[in-house]
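# A closer look at the structure
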Amino acid sequence: MFNNIPPITRNLIIINVVVYLAALLLPQLDYYLAGYYPFSSNFKSWQIITHMFMHGSPMHILFNMFTLYSFGPILEQSLGDKKYIILYFLSGLGAFFLFNLWNFVEVQNITNNLVGSGYDLQNLGETIQNLKSTPLTAQQQSWIQELIGIYYTRMVGASGAIFGVIAAFATLYPEARIGIMFIPVPVKVKYLLPIIIVGSVVLGVTGNVGGVAHLAHVGGAIVGFILAKIWKRHLYRFK
């Protein structure tokens, strides 16, 4: 069955699985390959690509690879190899950009709050290193903890790229019906995708369901939708 998967999708799944297993054996790979906020000391330029192949748990990679296996082959065959690769990686980049654009806005809000509370931002680096011994109000402590979370929490997973694939599929085949867990009848993707996107926006902005980069999903879906819209006009003329 695996040999029947088109080559690009098959190789993407293989690379994701190999990198996941390598990270289990060499945990330090997380530091180098996971994605960090671009203004973090942990950020390296290559992370904008490598974070797409890192995953945090067996369920994380299983869900992403199963979704890629479900939608990827159809798009690979209809778009052709080049467009499919462009779709996958640009969606992943769009996810990284939107997620960290929101992080940048959050950092600006937090630092403005700290300045407004009388805190001297020149001491921020030292405060982060010695947070427990630095005299701060409870609110200042909370704001600085939020900054630490933004600067040093890793971003991992192919979810942004996968959402781009799903959005492209929904754009090219809006009448297609797919089965969803707990829903007794298949649902058209043109109805399902907007619900997923709106839910991701709400969860991302409100910060609910921590540990999931919901706005990264939105970023990937936006790129996938735009590319599919552009390519749909000439789908059978150029590949």
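Overview of the structure.

Conventions used here
- Residues numbered from 1 in each chain as written.
- Predicted model: local features only at pLDDT ≥ 70, side-chain atom pairs only at ≥ 80, totals over all residues.
- Heavy atoms only, no water.
- Core = buried A, V, L, I, M, F, W, Y, C linked by side-chain atoms within 4.5 Å.
- Buried < 20%, exposed > 50% of the residue type's maximum accessible area, 1.4 Å probe, protein only.
- Helix = DSSP H or I, 4+ residues; strand = E, 2+ residues; numbered from the N terminus.
- Contact = heavy atoms within 4.5 Å.
- Axes fitted to C-alpha atoms, helices over the stretch in contact; angles between N-to-C directions.
- Parallel < 35°, antiparallel > 145°, perpendicular 65-115°, else oblique.
- Left-handed = near helix turned anticlockwise from the far one by under 90°.
- Nonpolar A, V, L, I, M, F, W, Y, C, P; charged D, E, K, R; others polar.
- Phe/Tyr/Trp six-rings, centres within 6.5 Å; stacked < 30°, edge-to-face > 60°.

### Notes on the nonpolar core
In terms of nonpolar packing, the biggest core is built from 39 residues, with Leu 12, Leu 68, Leu 75, Tyr 84, Leu 87, Tyr 88 and Val 165 touching the most fellow members. Counting only elements with at least two residues in this core, the list comes to helix H1 (7-25), helix H4 (58-79), helix H5 (81-116), helix H8 (159-172), helix H9 (189-206) and helix H10 (214-232). In terms of residue count, H8 provides more of this core than any other element does, ten residues in total. When neighbours within four sequence positions are excluded, Leu 75 is seen to be in contact with Gly 80, Tyr 84, Leu 87, Val 165, Ala 168, Phe 169, Leu 172 and Tyr 173. By size, the runner-up hydrophobic cluster in this structure holds eleven residues, among which are Val 107, Tyr 119, Leu 136 and Trp 143.

### Remarks on the packing of H5 against H8
At a minimum axis distance of 7 Å, the contact between H5 and H8 shows a crossing angle of 120°. Taken as axis vectors, H5 and H8 run oblique relative to one another. Of the two possible hands of crossing, H5 and H8 adopt the one that is right-handed. Seen from H5, the contacting residues are Leu 87, Tyr 88, Ser 91, Gly 92 and Ala 95; seen from H8, they are Gly 160, Ala 161, Ile 162, Gly 164, Val 165 and Ala 168. Of the residues that constitute the contact of H5 with H8, the class distribution is seven nonpolar, four polar and no charged.

### Some words on the packing of H4 against H5
With their axes 7 Å apart at the nearest point, H4 and H5 run at an angle of 135° to one another. Taken together, the axes of H4 and H5 are oblique relative to one another. The handedness of the crossing between H4 and H5 is right-handed. Taking contact as the criterion, the partners of Leu 68, Gly 72, Leu 75, Glu 76 and Leu 79 in H4 are, on H5, Asp 81, Lys 83, Tyr 84, Leu 87 and Tyr 88. By residue class, the composition of the contact of H4 with H5 is six nonpolar, one polar and three charged.

### Observations regarding the packing of aromatic side chains
Taken as a whole, this structure holds eleven aromatic pairs when the rule is applied. Where Tyr 37 meets Tyr 151, the ring centres are 5.1 Å apart and the plane angle is 80°; that geometry is what we call edge-to-face. Taken together, the residues span a long stretch of sequence, with Tyr 37 in the loop between helix H2 (29-33) and helix H3 (47-50) and Tyr 151 in helix H7 (residues 138-152) at a distance of 114 residues. With relative accessibility at 3%, the residue Tyr 37 sits in the buried group. Here Tyr 88 and Phe 89 contribute two aromatic rings whose centre-to-centre distance is 5.4 Å and whose plane-to-plane angle is 75°, an arrangement assigned as edge-to-face. According to the relative accessible area criterion, Tyr 88 is buried, its value standing at 0%.

Honestly, that's just the spatial picture; any functional story needs more than this.
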